[in-house]
Amino acid sequence: MSDMIGADLVDLDLSAGTKEAAARALAERMAARGRVTDLEGFLADVAAREAQMPTGLDGGIGIPHCRSAHVTEPTLAFGRSAAGIDFGAPDGPADLVFLIAAPAGADDAHLTILSSLARKLMNAEFTAALRAADSAQTAAALIRGDEPSAGEGARAAGVPGVPGAPEETLKGAPDAPEDTAVAPAAASAGATAGSTAETAAASAAGTSTRTGTSAGPGTPDEPGTNGEPSAPGAPGAPGVPGAAGAAGDAVPAPGPDQPRPFRIVAVTSCPTGIAHTYMAAESLENAGREAGVELVVETQGSAGFARLDPVVIAAADGVILAHDVPVRDKDRFAGKPTVDVGVKAGINRPAELIAEVREKAARGEVSAPAHAPAGTPVGRAGDATEGYGTKLRTWLMSGVSYMVPFVAAGGLLIALGFAIGGWQVDKAPSVMDHFVWTQTGSWGALLFQIGGVAFKFLVPVLAGYIAYGMADRPGLVPGFVGGAIALDADAGFLGGLAAGLIAGGVVLAIQRVRIPAVLRGIMPVVVIPLLSSAVTGFLMLVVIGKPIASAQQGLTDWLSGLTGSNAVLLGALLGLMMCFDLGGPVNKVAYAFATAGIAVTDPSDSAMQIMAAVMAAGMVPPLAMALATTVRGRLFTPAERENGKAAWVLGASFISEGAIPFAAADPLRVIPSAMAGGALTGALSMAFGATLRAPHGGVFVVPLIGSPLLYLVAIAAGVCVTAALVVLLKGMRGQVPESGTTGPTAEQAGARKDTGQPVAA
């Protein structure tokens, strides 16, 4: 951290009266050192961050901070104000002001160190030593965590309450020569917080930390305590068996005579992911030690994050989410007592949050289980316990899930364009050249052309987010570039799949190369996008683009040639797949196959028939279970009858997961029955020649379906067959007692791991 702050970046007599003036005074010091290239532009970025949320904290601390393109390297400036400056903290003005500047592409190592500083700010001894520092050199050494040299900051040694200060100094004894004294306060503050560089890995983004239950206030005579936990992995760390709890640690079992502690998992995050994220984590950890609970924090910061071990989450009794940006992969915490607050609440009132989550647990109040995984795909794609096949499927479906909204919007707009403007609307001139407000044909052409533009994003979005699922944000640029090349080469959906996998793989390979520290700052914004885009573009244009385009054309020709019994058999097969696992992997494959066919501006009739068959079959299971619970309610438990009411709406909306509670409770009767009805519906839909341009919508897009009445007949036939089979098979078992409960509720079933977006999307 020595290159982040020096004496020239410290102002112990900050005279600014407002937070804007304070930021300017400290930023000018950064500019004088060459760390800020455009002072006004940087201050505008600071003001924009301040507008999102005040950066004042309890205890007289202000931490204005931002990421900015006008910053050359991560820099920290410190100012101390005698009068205090209002940064919006509840307890009044701040006398300690830290201006944190990070480049837009700051590398993980620097962000890690800045996050470590944020944790140190929650240490009262550290801030007390800063208030007592008598020189800029002493203050800079404290912040860096350096061991001060002899004679530096002698007066700081007399700070009351700072461990390590000699008794003679605390009493003001005259026999301590000022010119030879070593600054015990500085040394103690640095030791208490830990050298920033040394503790960076433990306190940084991407590492979760655990607070033990037996940790208590330490004394200066007890190494490794000082009121703080020992360094990660240090023997004897209070309350932490073995190494300090990182994200992958298993939950330690209590001793035979030791009661099981209350366990909490927490997530902290803020817009910039530099300061508040880690200060909230530190505050929660400290409060957890004082409350005697076991608390593990996942910091979702700028340098990335490591997900909490699923074992730790499963064993947790409560959850605290302190965040100002969406929590990634939030569904992991579904079904547990949860306190959801802003990140500043985690800093200012952690004890209240811990008490609140314990009260919720005592009352049995839990959050609603998620019906589909939330957060970004990258958050779920890197579990070390998953096999390559599972990861590959996750990456591919990540791209499909981001592509589907474009397919839905574009397909519906194109369908509406045909409905309003007639079947010749695709021959209409551009509405930019010819648009008549009073003609329906012009409005139809407008909708058609907007839908066509949306469709042009399909393949780039597919490729970009497959790469994103593999390599996070660095994969976006080469993924989109490769997808655009696939589009130009007429490689279509298959080309997008290949481009996304290539782009993600190239980025992962580049990230494994050891890079000199001087180049790390430009890696995410220059080097990785440049090299990965060049390699991906070369492979797509020169090596595999044409072969994939030929394969795509062959697939299109095969689909266009499907007629008669072949089409009916394909519809039956797709129906079986849609109803086999109700939103699981097999269901997803069938749905992705159908959406791939219509993901072009002018899909063939066969492709639209496949999409219609897939959606019809996916609607059958929940509708059939709703019908069965209505006509033979005595065969179902009260909970299942209640779920049946919701299944009407879910089925009509093409959400196959509505049948999961019934399949989970009685799979041997429900799943074969659903597959029989789905196969019949898929076959009839293909036989009737029903077409569909939209990939979703259920009964709400029936007006846009070709042969809508026959389409509804196909759905009704499958629903009746499935309902009849379920009633028959359950009738052979006998009536279910009214008090009986079998299987999970709809809410519980929604939390199952493999349910993606509705109907495999």
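Higher on the page you've got the structure.
Trainee: Hey, could you run me through the overall build of the protein chain in this one?
Mentor: Of regular secondary structure, the protein chain possesses 26 helices and eleven strands. Look at the contacts in the protein chain between residues 6 or more apart in sequence, and 75% of them connect residues 24 or more apart. Approximately 30500 Å² of the protein chain is accessible, and the part contributed by carbon and sulfur atoms is 62%.

Trainee: What am I meant to see in the packing of aromatic side chains here?
Mentor: Where two aromatic rings form a pair, the distance of their centres and the angle of their planes describe that pair. Under the defined criterion, the tally for this structure stands at ten aromatic pairs. Ring geometry for Tyr402 against Tyr465: centres 3.9 Å apart, planes inclined by 15°, an arrangement best described as stacked. One end of the pair, Tyr402, is in helix α13 (residues 388-421); the other, Tyr465, is in helix α15 (residues 458-471), and 63 residues separate them in sequence. Look at Tyr591 and Phe654: their rings are 6.0 Å apart centre to centre, the planes differ by 50°, and that puts the pair in the tilted class. Here the residue Tyr591 occupies a position in helix α20 (residues 585-598), and Phe654 occupies one in the loop between α22 (638-652) and α23 (660-665), the gap between them amounting to 63 residues. Under the relative-accessibility criterion, Tyr591 is labelled buried at 0%. Connected via pairs of aromatic rings, a cluster forms that spans Tyr402, Tyr465, Tyr468 and Phe480.

Trainee: Help me out: how do you make sense of the nonpolar core in this one?
Mentor: Ranked by size, the top nonpolar core spans 67 residues in total, and within it Val614, Met615, Leu692 and Tyr711 carry the most contacts. The dominant element in this core, judged by the number of residues it contributes, is helix α21 (residues 605-631), at 15 residues. Membership of the second largest hydrophobic core comes to 49 residues, among which are Phe42, Leu43, Ala94 and Ala136.

Trainee: Got a minute to help me understand unusual backbone geometry in this structure?
Mentor: With the exception of glycine, the majority of residues adopt a negative phi angle, and the majority of peptide bonds are in the trans configuration. With a phi close to 65°, Asp472 is a non-glycine residue in the positive phi region. Here Asp472 is to be found in the loop between α15 and α16 (476-488). Positive phi outside glycine occurs at Phe654, with the angle close to 65°. On the accessibility criterion, Phe654 (0% relative accessible area) is buried.

Trainee: Please clarify how α22 should be interpreted in this entry.
Mentor: Note that an α-helix has 3.6 residues per turn; residues three or four places apart therefore point the same way. With 15 residues, α22 should reach 21 Å at 1.5 Å per residue; the first-to-last C-alpha distance of 22 Å fits that figure. Its axis deflected by about 35° at Ala646, α22 carries its strongest bend there. Turning to α22, its buried residues are Glu640, Asn643, Gly644, Ala647, Gly651 and Ala652. Looking one or two residues past α22, Phe654 carries a phi angle of roughly 65°, positive in sign.

Trainee: Looking at this structure, how should I read helix α2 (residues 39-52)?
Mentor: In this model α2 runs 20 Å from its N-terminal to its C-terminal C-alpha over 14 residues, within 8% of the 20 Å that 1.5 Å per residue would give. Each element contacted by the buried residues of α2 is listed here: α1 (19-32), β4 (65-68), β6 (94-103) and α9 (276-291). The residue sitting at the N-terminus of α2 and contributing the capping side-chain oxygen is Asp38; that oxygen lies 3.3 Å from the backbone nitrogen of Glu40.

Trainee: Please clarify how the environment of Arg693 should be interpreted in this entry.
Mentor: Relative to the elements of secondary structure, Arg693 occurs in the loop between α24 (667-688) and α25 (708-733). As for Arg693 and Ala607, which are separated by 86 residues in sequence, their C-alpha atoms are 8.8 Å apart.

Trainee: Honestly, the packing of α21 against α24 in this entry has me stumped. Any pointers?
Mentor: When two helices pack together, their arrangement is given by the angle between their axes and by how far apart the axes lie. Packing of α21 against α24 brings their axes to within 8 Å, and their N-to-C directions diverge by 145°. Between α21 and α24 the crossing geometry is right-handed. Each of Gln609, Ile610, Ala612, Ala613, Ala616, Ala617, Val620, Pro621 and Met625 in α21 lies in contact with α24, whose residues at this interface are Val670, Ala674, Gly677, Gly678, Thr681, Gly682, Ser685 and Met686. Within the contact of α21 with α24, the residues separate by chemical class into eleven nonpolar, six polar and no charged.

Trainee: Help me out: how do you make sense of a nonpolar patch on the surface in this one?
Mentor: A contiguous nonpolar patch, built from Leu416, Ile420, Trp437 and Trp443 and spanning about 430 Å² of accessible area, is present on the exposed surface. Position of Ile420 relative to the elements: it lies in helix α13.

Trainee: How do you make sense of the packing of α15 against α16 when you look at a structure like this?
Mentor: For the pair α15 and α16, interaxial distance at closest approach is 7 Å and the crossing angle is 150°. Classed by the angle they form, the pair α15 and α16 counts as roughly antiparallel. Our pair here, α15 against α16, has a crossing hand that is right-handed. Residues Val459, Pro460, Val461, Ala463, Gly464, Tyr465, Ala467 and Tyr468 of α15 form the contact with α16, whose participating residues are Leu476, Gly479, Phe480, Gly483, Ala484, Ala486 and Leu487. Looking at side-chain class alone, the contact of α15 with α16 contains twelve nonpolar, three polar and no charged residues.

Scoring rules and cut-offs
- Residues numbered from 1 in each chain as written.
- Predicted model: local features only at pLDDT ≥ 70, side-chain atom pairs only at ≥ 80, totals over all residues.
- Heavy atoms only, no water.
- Helix = DSSP H or I, 4+ residues; strand = E, 2+ residues; numbered from the N terminus.
- Contact = heavy atoms within 4.5 Å.
- Areas by Shrake-Rupley, 256 points an atom, 1.4 Å probe, with all protein chains shown as cover.
- Phe/Tyr/Trp six-rings, centres within 6.5 Å; stacked < 30°, edge-to-face > 60°.
- Buried < 20%, exposed > 50% of the residue type's maximum accessible area, 1.4 Å probe, protein only.
- Core = buried A, V, L, I, M, F, W, Y, C linked by side-chain atoms within 4.5 Å.
- Expected span 1.5 Å × (residues − 1).
- Bend = angle between axes of the 7 residues up to and from the residue.
- Polar contact = N/O pair within 3.5 Å; in protein donor to acceptor, adjacent residues only side chain to side chain.
- Axes fitted to C-alpha atoms, helices over the stretch in contact; angles between N-to-C directions.
- Left-handed = near helix turned anticlockwise from the far one by under 90°.
- Nonpolar A, V, L, I, M, F, W, Y, C, P; charged D, E, K, R; others polar.
- Patch = residues over 30% accessible without salt bridge, like charges linked within 9 Å, V, L, I, M, F, W, Y side chains within 5 Å.
- Salt bridge = Lys/Arg side-chain N within 4 Å of Asp/Glu carboxyl O.
- Parallel < 35°, antiparallel > 145°, perpendicular 65-115°, else oblique.

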